[in-house]
Amino acid sequence: MRMLLRGAAALAAVVTVASLTSGAAAHPRTGRAAEAAGTVRASADAQIPPGVTAGVAVYDREAGAFTEQVDDSAQFRSASVVKLLMTLDFLWDRGPDYTIPPADRARLEPMLRGSDDDAANHYWSTYGGSAIIKRMTDRPALGLRDTAPPPAEYAGFWGYTAISARDTVAIYRYILEKAPAPVRDFIMDNLRRSTRCSATDHFDQHFGIAGAFDKPWAVKQGWSGKYAKGTCGSSQAASSGVRAESAAPAPRAAAAVDLTRPALHTTGTVGANDRTIVAVLTLHPVGTSYGKAYTDIGRLTRSLNVPGAKRPAGTWFGTWGEFVNVRRGPATGGDRMTQLPAGVEVLVGCQVRGETVSVPPYTNDWWAYLPQYGGYISNIYISSPDNRLPNVPECAA
């Protein structure tokens, strides 16, 4: 979660999501009023869940053309996507033989892989804050059209930088096609090593691209708003820490860029040789839980036409309950690998009988294997009327 520069804690309701087969999507949003105003280019594929505002751009580098464009010039607050620009600003004009100092490598790697906020705070405060964005927008090589610094009253909050889906594509195109090879390799290698758990607030950041497609992919995610605290990680100590919200004036509802609704963004590349660049920027109704937003951006991303993408095998199901453990084996004594965001949708690859779990009045001895986590959850926490999930094979020995 990213709220300004710091994490913020809020209660989240348990959300139960209906099961969805792999590749299916929620009902489309037509956006007729926006299309009439000339601000939306319709897509034959993008399915935007009800209540979600989205800017989408998908660019096939092999064909040299967009396959999806939905409101791709609309400005959203960047949340942690701006860390790409911070990294480029730091590495700009360093020379092909430049070696990143160990202290900076120790900051930049977790900032790119795990979205570490402390590192972002360091670069924002050390290298001029909003001046970083001004330098980037002034560089013709990047070709940014919709990116802008945070509003003057929020100059210290890097997550309030304005960005669009088409500018996000432009940033990735610069990194892949124009940046010096050492810069390209450093950034993309770290994005390919994206960690499931974020470094600062322990949120599961493998939503969107990372959940919709099999590797190879590289991602830089972003989130901002009043979400419940993160539960990601293998230890209770790691999952319970939440940083205090920074003292700041309440965002203006009438600001040019919406600073009030919870944001969740997935950006990156998909396919061999980083074939396709994907940028999906979303806003969700106030009060939306992290699991619900996670599920909605996943459904939207899975609906897109992404050349070169490999779709994971399995069936999507909703879950219920908070702090549902993903175990290494089908038993409550198995090592806990992580915990699911409350009410999130998960991909089930197969199922197996294991330890009986009771949550009165229900009892279930079937466990679902989640290939994207490499672990199991009890079927008792999956939104299905039967103990044994329909149309899901039994796991091989």
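Just above sits the structure.
Sequence positions are assigned chain by chain, starting from 1 and proceeding in written order. Whole-chain, interface and lining totals are the exception, using all residues; otherwise, since this is a predicted model, local features are given only for residues with pLDDT of at least 70 and side-chain atom pairs are given and counted only at 80 or more. Excluding hydrogens and water, the side-chain figures rest on all heavy atoms present in the structure.

Colleague: It is not clear to me how the nonpolar core should be interpreted in this structure. Could you clarify?
Modeller: Generally speaking, nonpolar side chains in soluble globular proteins are found buried as a group. Among the nonpolar cores identified, the biggest contains 48 residues, and Leu84, Met86, Leu88, Ile171, Ile187 and Leu191 are the most heavily contacted of them. Listing elements by their share of this core, those giving two or more residues are β2 (53-60), α2 (83-91), α3 (102-113), α4 (117-126), α5 (130-137), α6 (165-177), α7 (181-192) and β8 (276-283). The biggest single contributor to this core is α6, with 8 residues. Residue contacts for leucine 191: discarding those within four places in its chain leaves Leu84, Leu112, Tyr172, Ala218, Val219 and Lys220. Membership of the second largest hydrophobic core comes to 43 residues, among which are Val70, Phe317, Val348 and Val392. To define a nonpolar core, start from buried Ala, Val, Leu, Ile, Met, Phe, Trp, Tyr and Cys residues and group those joined through side-chain atoms within 4.5 Å. Residue burial is assigned from relative accessible area. The probe radius is 1.4 Å, only protein chains are included, and a residue is buried under 20% of its type maximum, exposed over 50%, and partly exposed in between. What counts as a helix is a DSSP run of H or I of at least four residues, what counts as a strand is a run of E of at least two, and both are numbered from the N terminus. Whether two residues are in contact is decided by their heavy atoms, any of which lying within 4.5 Å being enough.

Colleague: Help me out: how do you make sense of the packing of aromatic side chains in this one?
Modeller: Here a pair means two rings of Phe, Tyr or Trp (six-membered ring of Trp) with centres within 6.5 Å. Their orientation is stacked below 30 degrees between planes, edge-to-face above 60, and tilted elsewhere. Enumeration according to the criterion identifies 17 aromatic pairs in this entry. For the ring pair tyrosine 290 and tyrosine 294, a centre distance of 6.0 Å and an interplane angle of 70° mean the geometry is edge-to-face. Linking tyrosine 290 with tyrosine 294, this pair stays in helix α10 (residues 290-302), spanning 4 residues, or about one helical turn. Pairwise contacts between aromatic rings join Phe203, Phe207, Trp223, Tyr227, Tyr290 and Tyr294 into one cluster.

Colleague: What is the right way to look at the sheet that holds strand β6 (residues 217-224) in this model?
Modeller: Hydrogen bonds between backbone groups are what pair the strands of a sheet, and the pairing can be parallel or antiparallel. A strand pair is defined by DSSP finding two or more bridges across the two strands. Pairing within the open sheet is antiparallel, and its 5 strands lie in the order β3-β2-β8-β7-β6. Every interior strand has two partners, whereas the edge strands, β3 (65-70) and β6, have only one. Averaged over all neighbouring strand pairs, the angle between strand axes comes to 5°, with direction disregarded. Pairing of strand β7 (residues 263-270) with β8 involves 8 bridges; the strand directions are antiparallel. When the bridges of β8 are listed, glycine 268 appears paired with valine 278. Where helices are involved, their axes are fitted lines through C-alpha atoms of the stretch in contact, as for all axes, and angles between N-to-C directions lie from 0 to 180°. Helix-sheet contacts for α7 involve β6 and β7, and the interaxial angle to β6 is about 75°.

Colleague: Help me understand unusual backbone geometry in this model?
Modeller: Most peptide bonds take the trans form, and the phi angle of most residues other than glycine is negative. The omega torsion of the bond from lysine 215 to proline 216 falls at 15°, within 30 degrees of zero and hence cis. Structurally, proline 216 is set in the loop between α8 (209-212) and β6. One non-glycine residue, asparagine 273, lies in positive phi territory at about 60°. In this structure, asparagine 273 sits in the loop between β7 and β8. We note that phenylalanine 323 has phi near 60°; this positive angle belongs to a residue other than glycine. When you line up the elements, phenylalanine 323 lands in the loop between β9 (315-318) and β10 (325-327).

Colleague: It is not clear to me how the state of the cysteines should be interpreted in this structure. Could you clarify?
Modeller: Structurally, a disulfide amounts to a covalent bond that connects the sulfur atoms of two cysteines. Pairs of cysteine sulfur atoms within 2.5 Å are what we label disulfides. For the structure on display, the rule yields 2 disulfides. Cysteine 197 shares a disulfide with cysteine 232; S-S distance 2.0 Å. Residues cysteine 197 and cysteine 232 share a disulfide whose torsion about the S-S bond is about -70°; that sign makes it left-handed. Of this pair, cysteine 197 sits in the loop between α7 and α8 while cysteine 232 sits in the loop between β6 and α9 (236-240); the two residues are 35 residues apart in sequence, bridging distant segments of the chain. Classification of cysteine 232 as buried rests on a relative accessible area of 1%. In this model, cysteine 350 is linked to cysteine 395 through a disulfide, with the two sulfur atoms separated by 2.0 Å. Across the S-S bond of cysteine 350 and cysteine 395 the torsion is about 95°, and the bridge reads as right-handed. Placement of cysteine 350 in strand β13 (residues 350-359) and of cysteine 395 in the segment after β15 (375-378) is noted, with a sequence separation of 45 residues between them. Note on accessibility: cysteine 350 and cysteine 395 belong to one class, buried.

Colleague: Would you mind going over the pairing of β6 with me for this structure?
Modeller: The two faces of a sheet get side chains in turn, since along a regular strand they alternate between them. Taken across its 8 residues, β6 has 8 buried, putting it largely inside the fold. The alternating pattern of β6 places Trp217, Val219, Gln221 and Trp223 and Ala218, Lys220, Gly222 and Ser224 on opposite faces, both of which are buried. Relative to β7, β6 runs antiparallel, the two being bridged by 8 bridges. Residue pairing across strands places lysine 220 opposite threonine 267, the latter belonging to β7.

Colleague: What's the story with α4 in this structure? I'm lost.
Modeller: Three or four residues apart is the spacing at which side chains of an α-helix point the same way, because the helix has 3.6 residues per turn. For α4, the complete set of buried residues consists of Asp117, Ala119, Ala120, Asn121, Tyr123 and Trp124. Taken together, the buried residues of α4 touch α2, α3 and α5. Under the rule applied, a polar contact is a pair of N or O atoms within 3.5 Å (in protein, one hydrogen donor and one hydrogen acceptor; residues adjacent in sequence only if both atoms are side-chain atoms). One side-chain oxygen at the N-terminal end of α4 lies 3.4 Å from the backbone nitrogen of aspartate 118; it belongs to aspartate 116. Immediately downstream of α4, the backbone of glycine 128 shows phi near 105°, a positive value.

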